[in-house]
Amino acid sequence: FSGNVLLRREQYRRADDLTFSSGVAAACVLGKVANCRTVLLRALRDHGDKVDAPALQEAIDRLAAALRRLQGPLTVDEVRGVEGDAARVYFNAFDHLIVRDKDNFFMRQRSRRPPLDRINCLLSFLYTLVVNDIRSALESVGLDPAVGYLHRDRPGRAGLALDLMEEFRPMADRLALSLVNLGQLQQGDFTLSDGGAVRMSDAARTTLLVTYQKRKQEEMTHPFLEEKMSLGLFYYVQALLFARFLRGELDGYPPVIWK
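We now turn to the structure provided with this report. Every value quoted in this text rests on a predicted model; they were computed, and no experiment measured them.

**Side note on the pattern of salt bridges**
Thinking step 1. Within this structure, the stated rule accounts for 11 salt bridges.
Thinking step 2. Glu83 is the partner of Lys32 in a salt bridge, and the nearest nitrogen-oxygen pair spans 2.3 Å. You can see Lys32 sitting in helix H2 (residues 18–46) and its partner Glu83 sitting in helix H4 (residues 76–94), a full 51 residues away along the chain. For the pair Lys32 and Glu83, one class covers both residues: buried.

Here it is, written out as C-alpha cells:
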C-alpha cells in the first residue's frame, strides 16, 4: 500500500465527483446488463427447445433497451434505476434457464438475507466468493475496496469491490445454472430452516468451491487486452485497468463484456 498513496487519494477525490461517479457506475452496470443478456441469449441458443423462447426473447429485448439507456448522460441514481429494472427483467426470466428438477430448483425472485430458495442460496454463496476475490485484487493494486462509485460509502461495505463485481455476476449465475442443470447439486444438498432460510450442506459447499476454482483456471481471451489468460486473473486485470483509468492512462473504465 505504501507506494500507492497518490492512487488512493485520486480514488477518494474522484468519489466526491458525482459526474465522474455516474460515468463509472454506468460502465459497471453496462457490463453487468450486457453479460446478463448474453446468459439469456446462450440459453435460447443451447436450450431453445426446453425453454420458453418468447419470454426469453422479450427479456433479451428489454435488456437491449436498458443498454441503450446507459449510453446517455445519467445521474448515479438514474443508473441505479436502470440497473434495478434490468435486474428484475433478468431474474424474472432466470427461472426459464433451470431445465432440471424444477420442483426443487426455481427462481421466483431474488432474495438475499436470508436466501429463500435453493437457487438464491447458490447465487449468494457464489457472489460472496467473487466479491472476496475482487477485494483482494483491488488491494493488490493499491486501491481501497471500500470506496465505490455505484455503491456509495457505507460502514463495513466494500463499495468498489461491489462495483467491479457487477460485470462478473452473470459468470457466477452461469456456474450456478450448470451445477443444477448437470445434476451436480441435488435437492438433498440444501436444508430449509424454520424461518424459511435455505442453507447448503458442507458437501455442497465443497462441490461449489471446487467447481469455482476449476472455472477460474479456464483460459479465455480478455476482451479489452486481447490476451489469453486464466479467468481467475481477470479480477486482477480489471483492478489494474481501474487503477490505470484513475491515473488518467485510459479514457474510461472498460468492463469485461463476455461474447
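**Concerning H4**
Thinking step 1. With 19 residues, H4 ought to run about 27 Å at 1.5 Å a step, and its terminal C-alpha atoms sit 26 Å apart, in line with that.
Thinking step 2. For H4, the set of buried residues is Val76, Val79, Val82, Glu83, Gly84, Ala86, Ala87, Val89, Tyr90, Phe91, Ala93 and Phe94.
Thinking step 3. Check the buried side of H4 and you find it contacts H2, helix H3 (53–69), helix H5 (118–140) and helix H7 (169–181).

**Focus: the environment of Ala27**
Thinking step 1. Of note, Ala27 is situated in helix H2.
Thinking step 2. Along the primary structure Ala27 and Leu164 are separated by 137 residues, whereas in three dimensions their C-alpha atoms are 9.6 Å apart.
Thinking step 3. Excluding anything up to four places from it in sequence, Ala27 contacts Tyr253 and Pro255.

**Thoughts on the layout of surface pockets**
Thinking step 1. Taken as a whole, the second largest pocket encloses approximately 370 Å³ of empty space.
Thinking step 2. His47, Arg174, Leu177, Ser178 and Asn181 are the residues nearest the centre of the second largest pocket, which is lined by 15 residues in total.
Thinking step 3. Looking at the lining of the second largest pocket, the elements with two or more residues in it are H2 and H7.
Thinking step 4. No other element matches the 5 residues that H7 contributes to the lining of the second largest pocket.
Thinking step 5. A breakdown of the residues in the lining of the second largest pocket according to their chemical character gives 7 nonpolar, 3 polar and 5 charged.

**Concerning a nonpolar patch on the surface**
Thinking step 1. A contiguous nonpolar patch, built from Leu233, Tyr236 and Leu240 and spanning about 240 Å² of accessible area, is present on the exposed surface.
Thinking step 2. By the secondary structure assignment, Leu240 is in helix H9 (residues 231–246).
Thinking step 3. In this structure Leu240 comes out as partly exposed when scored by relative accessible area, which is 35%.

Thresholds, definitions, all that
- Residues numbered from 1 in each chain as written.
- Predicted model: local features only at pLDDT ≥ 70, side-chain atom pairs only at ≥ 80, totals over all residues.
- Heavy atoms only, no water.
- Salt bridge = Lys/Arg side-chain N within 4 Å of Asp/Glu carboxyl O.
- Helix = DSSP H or I, 4+ residues; strand = E, 2+ residues; numbered from the N terminus.
- Buried < 20%, exposed > 50% of the residue type's maximum accessible area, 1.4 Å probe, protein only.
- Expected span 1.5 Å × (residues − 1).
- Contact = heavy atoms within 4.5 Å.
- 1 Å grid on protein atoms, 1.4 Å probe; cavity = no way out; pocket = protein on both sides within 12 Å on 5 of 7 lines; lining within 4 Å.
- Points joined across faces, edges and corners; volume = space filled by probe spheres on them.
- Nonpolar A, V, L, I, M, F, W, Y, C, P; charged D, E, K, R; others polar.
- Patch = residues over 30% accessible without salt bridge, like charges linked within 9 Å, V, L, I, M, F, W, Y side chains within 5 Å.
- Areas by Shrake-Rupley, 256 points an atom, 1.4 Å probe, with all protein chains shown as cover.

All quantities given are derived from atomic positions and should not be read as evidence of function.
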